[in-house]
Each structure stands twice: as C-alpha cells, then as structure tokens.
Protein chains: 2
Amino acid sequence: METGMSAEGSLAYFEKVRVTEIERLTELLRMPTISAQPAHVEDMRGCAGWLANVLASAGLESKVLSTAGHPAVFADSGPIDNAPDAPTFLVYGHYDVQPAGDLSLWDSPPFEPTVRDGVIYARGSADDKGQFMIHVAAARAWHEAGRPWPMRLKFLIEGEEEIGSPNLPALVESNREALGCQYVILSDTARHDDLTPAVTVSSRGLVYKHITVHGPRRDLHSGQYGGAVANPANVLAGLIASLHDDQHRVTIPGFYDGVQLPSRADRQMLQETGLAEEMVRSVTGVERPTGEDGYSTAERVSIRPTLDVNGMVSGYTGEGASTIIPAWAKAKVSMRLVAGQDPEAISDAFDRTLRSRCPDSARIEIESDAACAAYETPRDLAVIEDALSALEEVYGRKAVLEREGGTLPILPMFKKLLGAESLMVGFASPDCNLHSPNEFFAVKDFEMGVRSILHFLNKVANRVP
Amino acid sequence: METGMSAEGSLAYFEKVRVTEIERLTELLRMPTISAQPAHVEDMRGCAGWLANVLASAGLESKVLSTAGHPAVFADSGPIDNAPDAPTFLVYGHYDVQPAGDLSLWDSPPFEPTVRDGVIYARGSADDKGQFMIHVAAARAWHEAGRPWPMRLKFLIEGEEEIGSPNLPALVESNREALGCQYVILSDTARHDDLTPAVTVSSRGLVYKHITVHGPRRDLHSGQYGGAVANPANVLAGLIASLHDDQHRVTIPGFYDGVQLPSRADRQMLQETGLAEEMVRSVTGVERPTGEDGYSTAERVSIRPTLDVNGMVSGYTGEGASTIIPAWAKAKVSMRLVAGQDPEAISDAFDRTLRSRCPDSARIEIESDAACAAYETPRDLAVIEDALSALEEVYGRKAVLEREGGTLPILPMFKKLLGAESLMVGFASPDCNLHSPNEFFAVKDFEMGVRSILHFLNKVANRVP
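In this report, the structure presented in the accompanying data block is examined. (Residues numbered from 1 in each chain as written. Chains lettered and ligands numbered in written order. Predicted model: local features only at pLDDT ≥ 70, side-chain atom pairs only at ≥ 80, totals over all residues. Heavy atoms only, no water.)

Mapping chain B onto chain A leaves a residual RMSD of 0.1 Å; the transformation is a rotation of 180° accompanied by 0.1 Å of translation along its axis. Taken together, the rotation and translation describe the operation of a two-fold axis. Most of the interface of chain B is mirrored in chain A: 100% of its interface residues are interface residues there too. (Least-squares fit on C-alpha atoms with pLDDT ≥ 70 in both. Contact = heavy atoms within 4.5 Å.)

Laid out in structure tokens, this is it:
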C-alpha cells in the first residue's frame, strides 16, 4: 500500500482533541461496571452499548456480542481493499472493573473520576478502561486525519476479565472468522518504571489444585488416638514438603520437560531489566529472597516454573490450645509454568505424584481448578521492533522487553483459537494501585499512550508491502 | 487400729439411703455450674456452699476455699487419733461442668436431670458430679454406720477443671499442709467396658506449641514474586514433615530420652485390655491405623510418646482459587509424653530443633502453651490391689489396669506439691457422651461405685497396722 506516510496528520489531530478524549474516558470511568456484582448487570449492558457507539464514531463497524454472562463489544475497520497482504490486528481490552472495596480508603469516590495533579483517580482508570481507550482514541485520530487504515483493525472489549473471562473462549470460538487476526495487541500491563516504557513478551501459565487429605471421619482426641492413626495435617505437610528438593527444584517427575534454558540474550535482558533482588527486599520486607538454585531473582519470577502453597487449613485454628487429630487437611497449591511446559501433562503428573506419595493410612482427593499454558511472543516478530521504536520515539528512552510472572489465560487462548500472536504494551504506572483503593492513571499516560500507538500504526503501515 | 471390720454396716446403711443419695445428686445436677461462662459465677459460688454443707453432714470438717477464680471445697475427717500410721487419702473431684452446647441436640434439658431406663441424663452426670458424689455417699455411709474413720479422709472438689484448673496449683501450694496426703483418689475416668471395671494407672504428659512462620510483610501475588521468596506455608510444611522419620518416630534430638521400653507385663496387659486396632477402625473410620514402627495400637496410644498437628492455617482458605504467597503460616503442634520424659527439656529441644531447621529465608516464632509431665502410679502400691479386689467383689469380674492416653495435669502436680501418688477409679460408661449432648450416668453406676468405694475403704482399713 501507499507507504512513507508519517504519523503527523493523526498526531496533530489528536493534539487538538486531547481534552475531548479525556472527557470521553471520564464518562466511561463513571460507569460502575463491576462484573463480579450482579447489581451491575444493567451498568454492564449500558457500557457495552456506549462503547459500540464510541467505536462506530471512530469509523469502525461495531456491535455488541452477547455471551452467557456480560456482553462484549466487537468493532472492525473492514477489509483493506488496496493492501490484501496488510496484517490484521485485534485490540483486546476489558470494560469491567474490580469491586471498589472499602470506600473509606478512597480519597475520592471510585466512580467519580477526579483529576488531581494531572492524575485521574477512578476504579478502572488503569485497569483497563484508560488503557484500551488509548487504542480507541488512536483509531479515531487515524480515521479523522483522513488516512486509510494501514491494516485491518479490530477491537474486542470484553466485560468479564476480572472474573476470569469465563465466556470468552466460547465467544472467540463461535466468532473465529470475525475475530480472525495475525496479532492481538493489548494494554493491560504497566510500564517498566516511571520513565521507561516496556513491551511485555511472555506470561507464565498456571496449574491450580485443591488438595484434601482425609483422615478419621471426625476430629479425634489426640490423647485417645494420638499415635494410632495417620494425622491428615502431618500427612499433608509431608506431601507438600516432598514437592521441592534441597535446591528448591520441583520434584514432580517430568515437571521441567520442555523448559528451555535461558539464552544468553534472555539472561542479559533479565539482568538489566528484570526484578532485582533489592526490589524484592524493599517491596516484600523479606531479608533473604531465595529460590531455585542457579537462577537469579529476575529469572526465578519469569523464565522458571514455580510451585507455591496459596492456602492451607486443618483442625483447630482459633485462640488457645485444642488437642485434636483433625478429620482432614486442605491446601491450595498452584504452579506457574513457562513456555514449553504442557499444563495438562503437569496437572496429571502432579495428581499422579501426590497420589503415589500419599500413605495408604490416609486418603487424598485432588481437584483441578485451572490449567493454562504460558505464552511467549515470538521474539523475531517485526511488530515487536515497531512497538519498541514507537515507544522510544515518544518516551525519549529505550523501551525494554519484559516478562510477566503472572498468568494471562487469554494469550494462549488467542494463539490456540485464532493462531494469533500477542503483544502487550502497557502504559500504566507500575504502582497504579491496581485492584486497590485510589487506582489511578495519569492524563499524561493516556496521551503518551495514544501518541505511541499512532507511531506504532505508522511504523506497521510503512512495513506493509 | 481395730481391724477385721467388715464393710457390712456401711453397705447396709447405703442400701437404705440409695434413693436419698440419688436425690442429692439430682439436686447437684440441677446447678448449671459452667466454669467457662461468666454468667454462672453465682451458680458456682452457690454450688460450692451447698457442697460444703453436704460434706459437713457426712461427718467431715468442711469449708469453701476461695481462689482467683471459682472457689474449691475442702473437707477433712481430721487426724485419726488411734492409728497415727493410717494413711491419708485425698478425694479429688470437680463440680464444674462443660457448656451444654447445642440445646436442640439434648433429649431432655441438660440441667433438668431426667432418669430414663435407670440412666440419669444431665450435663455433669458422669463428668464429674455423679462420680465424686460416689465418694461423698461412701463417706456418709461409713460415718452413719458409726464406724471410726479407718484413714484420714480429705476431699478437694474444685470448680475449674473444665477450664484447665488455672488456679489449682496455687491453691494446693498455699494449702500444702491441710491437703497433705499419701494418696489422691479420683473418679473422673471410665470403666474398661460395659462390664469390666478398671483402675487407671498412668496418663500421658503434654507439650503444646504455637508455631508461626513469617514470610513477606503482606500476602504477595504469586505471579509477581512466586519463586523469588520463601513461601511460609511451604516452609512450615517442610518443618512439620521433618518432625517424623520413615518409621513414624519423632526426630527431635533427645525426644526419647528417659522413655522406658515396655516390660513384658506391660505389653501383656496392653495386648489384653488396651485399645484394639479393630476398635480404632470402627470408631474413627480409618481403614489402616498406623503409627510408630514396632509397637501395637494399644502401645502407641499409651506408653509411647507422639507428636501431632492439631491445627494449621495459612493464606487463602475460602472458596475457589487465589494465587497468593501468604505472609505467614501457623500450626499448633502437641506432643503426648510418657513417664521418663522431661517436658521442659522436650519443650526446649523442640524449639531449638525447629529454629535450627527453619531456613534463614523465613522467620520462625514459637510460643509454648503447656508443658506437663506424664504420670504413672507406682505399680507396687498396695492400694492398687485393694482397688482391684474391691471392684472385682462388686462387679463380679476381674478389674483391669488401664493406661490413659490423655493428660491429667493435676496428677504430676499433686505428686510434685504433695508427694502424693494418684489412683484413678472410674465408674462411668466408656461411651457416656462426655462433653457431648445427652451426657449420662446410670443409677446403677452410682450404686456400684459407692459399694466399690466402701469395699475399698474396708480393705484399706484392714491393712492399717
């Protein structure tokens, strides 16, 4: 297609409408779209309709897609007639937000967006309304500047991310053709630090288990029966302890199958920009961070799989002493996976291993809660370079590649159902009070975001043959 | 003193007043003497005064002893002038009872004693009002039959047993002379089974610990920090698992110091009358009872020390999944001790061992709740023979020696402060709903008890030089 175009027209347009765009975002932030609370069903529906209108006004064909839960919004620039080889991008975002929590901890009401010192305080400002609206504003600017779409641009804004996207896979599955794309782009992460922008290129997978060890049919008197029956709490402790060896490696057979050793470039990148031990110390208060032998803190939280107890309960947990042998003991155990690991295989191996290690004097029950693969953006994609250089142009600072230690189940899902690779470009501050009181997103974060996306679109456009 | 007396006079007297004695017990059972509930302070005081009167009317000098908590009742036959070498016996009992619990589970109100099929249903009927009143009725019968006391007989009926006797050691300490005795006799245990009477000759000691493993200063996101800091729940599991070896032996250095191997006679006795594996199976529902290698079920719960987790809690324990690294993990751990083990030494060794095993990536805090020694009645005491043969005469069946797996802190306390040996003669049914709804004590249990004690007193009297 026509290349050599600059981003200037759309950038200039955006500079003129900045205030309007912030007002539009403010309108969105006023809607209490808490997906977890049934009282907000109408707010969700209203918001989806509002978004469809906003996307339509930015020049896209848009519609609300109903699901078994809250609706999603879909928009599409339509096929790019004069550039059949242009790629298709799908912007993913979510218009639902976390509950506000304790209102008394908010300096201003969570659904009355308030700007103080150039920062917008509101629930959902960073997660994810402020961030996906960057893409909407960029699309509008591109469109209003009168430029033809350089690629086919689609939007999928869902309403159930904060409750685990229960209906998203089915929605994607049944709209495969409409949603078809080469790349998913999303802004639901953070910058590297206050000054440095980042492109996030991996997320860890997750296998989650609920374990119950059953002992006697009711709590027993430890004087009467202590010593004569297996104590399920002791058995559970033994099982959990058996899951790691002295080097803090997970002992489930096959657990590390498929895990790649870090490349020199990866180690270098993580050493430069990954989570520093000193940061762990200051944030967590843990004096001696520790983990798998042979790996740095940054590597342990990104390219290495882990296993953690998330909760554990058995017997008497109140004040004072009670001398019982508990009837049961429970634990929640999760594993974070990295690229190459097969969540189903690991889930099975976990169950098999614990069952085989559980003494026959007790009975173990294992329930699987989630099994999600890691995701890794192929590092040789040109769009990564485009994103990095667009960010550098706007922020005046080299953007870094980052790895996310947490889990984004939508990424392997998009890969599996659409064959699409995902690119995470986050504009929020790393300490934006995500899921907490006084969540914020700076007006400047929004503006730099729109400029970055416009530069990015331009770079992609310039690559299109 | 004058020997050769028979028990007949007092036995005959008791047979005449049986109904009156049951009425007296019923009056006592109507008093809601729940030591744990502040609302019953006046009931406790009233009951103590009532008991002092009852004991006085049985021919004993009696008085209420105040404590920092609920009062105790003391009574004394006075010195035996004509038999200066006669032993002194202290009957121990407690007039306080457990809370009634869920009233809807009682077939008749807990403090409205009701006789059905010869069985008295009431809170405290077996534990311990019905049982200590056996001794009061026996004393009255002995006295009313006009017989001189064959030994000095004292009573100490406390009001705080169900809350752990917090003020009893101080009370005994400050009344050492008045309470002085060679033997403590108490009926606060059960018969061996429905037909077979028992004398209980040991109880296990107890060391109780509250353990907290501290990790990060607040719960962390396991995606963000998983792998980089020690997880206190995993650390706690490892510490607990380390406390036993493959043979189910406790690995605390010095834990078994002083523990005697069972004598052939002990093993024989436990094989014949101890807790059977089949009984454990049917009561607990545990298909494969297990415990320390080389010992039988009966031995494991009586003459071998044990270590059990009584409670454990960490992190998220609600419905569903939460992916946190908990800030802390707690466990309650208790050890049952046997004769020869020093509770203080074991308490110290436990703390030292766990502290040394806790990795320096976490911080352990250990709080001691109780440290109480085991108690063992010397097997060569003539009074054991007297008790066994008195029971055999009344029940028409050989009485058995039993070991109690639970802990009675008062026994080592009486040994330490008074130098007295204790003898436990229980008359309640083994399934008398102790601490549960519909606690019961049969009228016949009471009557057989009084007859047994009268025979016992007579046998002791016949031994007095």
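From this point, the narrative continues.
For the rest of this paragraph, the subject is the environment of A:Val283. For A:Val283, the position within the fold is in helix H9 (residues 277-284). When residues no more than four places from it in sequence are discounted, the contact partners of A:Val283 are B:Arg217, B:Arg218 and B:Tyr225. (Helix = DSSP H or I, 4+ residues; strand = E, 2+ residues; numbered from the N terminus.)

Residue and element names in this part refer to chain B. With respect to the helices, strands and loops of the structure, Lys444 is situated in helix H14 (residues 443-463). With relative accessibility at 54%, the residue Lys444 sits in the exposed group. Sequence separation between Lys444 and Phe427 is 17 residues; the distance between their C-alpha atoms is 9.8 Å. (Buried < 20%, exposed > 50% of the residue type's maximum accessible area, 1.4 Å probe, protein only.)

On to helix H2 (residues 41-57) of chain A, then. All names here are of chain A. For H2, built from 17 residues, the straight-helix expectation of 24 Å at 1.5 Å per residue is met to within 8% by its first-to-last C-alpha distance of 25 Å. Within H2 the residues assigned to the buried category are Met44, Cys47, Ala48, Trp50, Leu51, Ala52, Val54 and Leu55. Along its buried surface, H2 packs onto helix H1 (8-29), strand S1 (61-65), strand S2 (72-76), helix H3 (125-144) and strand S6 (152-158). Within two residues after H2, Gly59 carries a phi angle of roughly 95°, on the positive side. (Expected span 1.5 Å × (residues − 1).)

Attention now goes to the pairing of strand S7 (residues 183-186) of chain A. All names here are of chain A. Neither face of S7 is exposed, since Tyr183 and Ile185 on one face and Val184 and Leu186 on the opposite face are all buried. For strand S3 (residues 88-94) and S7, the ladder comprises four bridges, and the chain directions are parallel. Note on S7: the bridge partner recorded for Val91 is Ile185. Direction of pairing for S7 relative to strand S17 (residues 421-426): parallel, over a ladder of four bridges. Across the sheet, the residue bridging to Ile185 is Leu423, located in S17. (Pairing = 2+ DSSP bridges.)

Contacts between the two partners involve 72 residues from chain B, matched on the other side by 72 residues from chain A. Summed over both sides, the interface of chain B with chain A buries roughly 5,200 Å², with 55% coming from carbon and sulfur. Ionic pairing is found between A:Arg288 and B:Asp360, a salt bridge with its closest N-O pair at 3.6 Å. Inspection of the chain B/chain A interface yields 36 residue pairs in polar contact (both at pLDDT 80 or more). The greatest single-element share of the side of chain B that touches chain A, amounting to ten residues, is contributed by strand S11 (residues 306-315) of chain B. When grouped by side-chain class, the residues that make up the side of chain B that touches chain A number 28 nonpolar, 32 polar and twelve charged. Both strand S11 (residues 306-315) of chain A and S11(B) contribute to a ladder of five bridges, which runs antiparallel. What sits directly across from A:Met312, in S11(B), is B:Ser314. (Buried area = accessible area lost by both parts, 1.4 Å probe. Salt bridge = Lys/Arg side-chain N within 4 Å of Asp/Glu carboxyl O. Polar contact = N/O pair within 3.5 Å; in protein donor to acceptor, adjacent residues only side chain to side chain. Nonpolar A, V, L, I, M, F, W, Y, C, P; charged D, E, K, R; others polar.)

The next point concerns the pairing of S2(A). Residue and element names in this part refer to chain A. In terms of residue burial, S2 counts as a mostly covered element, since five of its five residues are buried. Pairing analysis gives five bridges linking S1 to S2, with the strands arranged antiparallel. In the strand pairing of S2, Ser62 is matched with Ala75. Here S1 folds back onto S2, and the loop between the two strands holds six residues. Judged from the four bridges that link them, S2 and S6 form a sheet pairing that is antiparallel. Looking at the pairing, Phe74 lines up with Leu156 of S6.

Turning next to the sheet that holds strand S13 (residues 328-337) of chain B. Across the sheet, eight strands lie side by side as S14(A)-S9(A)-S13(A)-S11(A)-S11(B)-S13(B)-S9(B)-S14(B); this open sheet has antiparallel pairing. The strands lining the two open edges of the sheet, one partner per strand, are strand S14 (363-372) of chain A together with strand S14 (363-372) of chain B. Within the sheet, the average angular offset between the axes of one strand and its neighbour, ignoring direction, is 20°. Docked against the sheet, helix H11 (residues 343-357) of chain B engages strand S9 (205-214), S11, S13 and S14 of chain B, running at close to 170° with respect to S14(B). (Axes fitted to C-alpha atoms, helices over the stretch in contact; angles between N-to-C directions.)

Next up on the list: unusual backbone geometry. A:Asp128 follows A:Asp127 through a cis peptide bond whose omega is 5°. Here A:Asp128 shows up in helix H3. Although it is not a glycine, A:Ser165 sits at a positive phi angle of roughly 50°. If you check the backbone angles, B:Asn438 has positive phi at about 60° while not being a glycine. Within the secondary structure, B:Asn438 sits in the loop between strand S17 (421-426) and strand S18 (440-442).

With that settled, the discussion passes to the sheet that holds strand S4 (residues 114-116) of chain A. Residues and elements named next belong to chain A. Strand order in the open sheet formed by three strands is S4-S5-S18, and the pairing between neighbours is antiparallel. Looking at the sheet topology across the chains shown, the edges are occupied by S4 and strand S18 (440-442). Strand-to-strand twist across the sheet, computed as the mean angle between neighbouring axes with direction ignored, equals 30°. Across three bridges, the pairing between S4 and strand S5 (residues 119-121) is antiparallel. Bridge assignment links Arg116 to a residue of S5, and that residue is Val119. Against the sheet, H3 contacts S5 and S18, and its axis sits at roughly 30° relative to S18. Strands in contact with helix H14 (residues 443-463) are S4, S5 and S18; relative to S18, the strand with the most contacts, it is inclined by about 60°.

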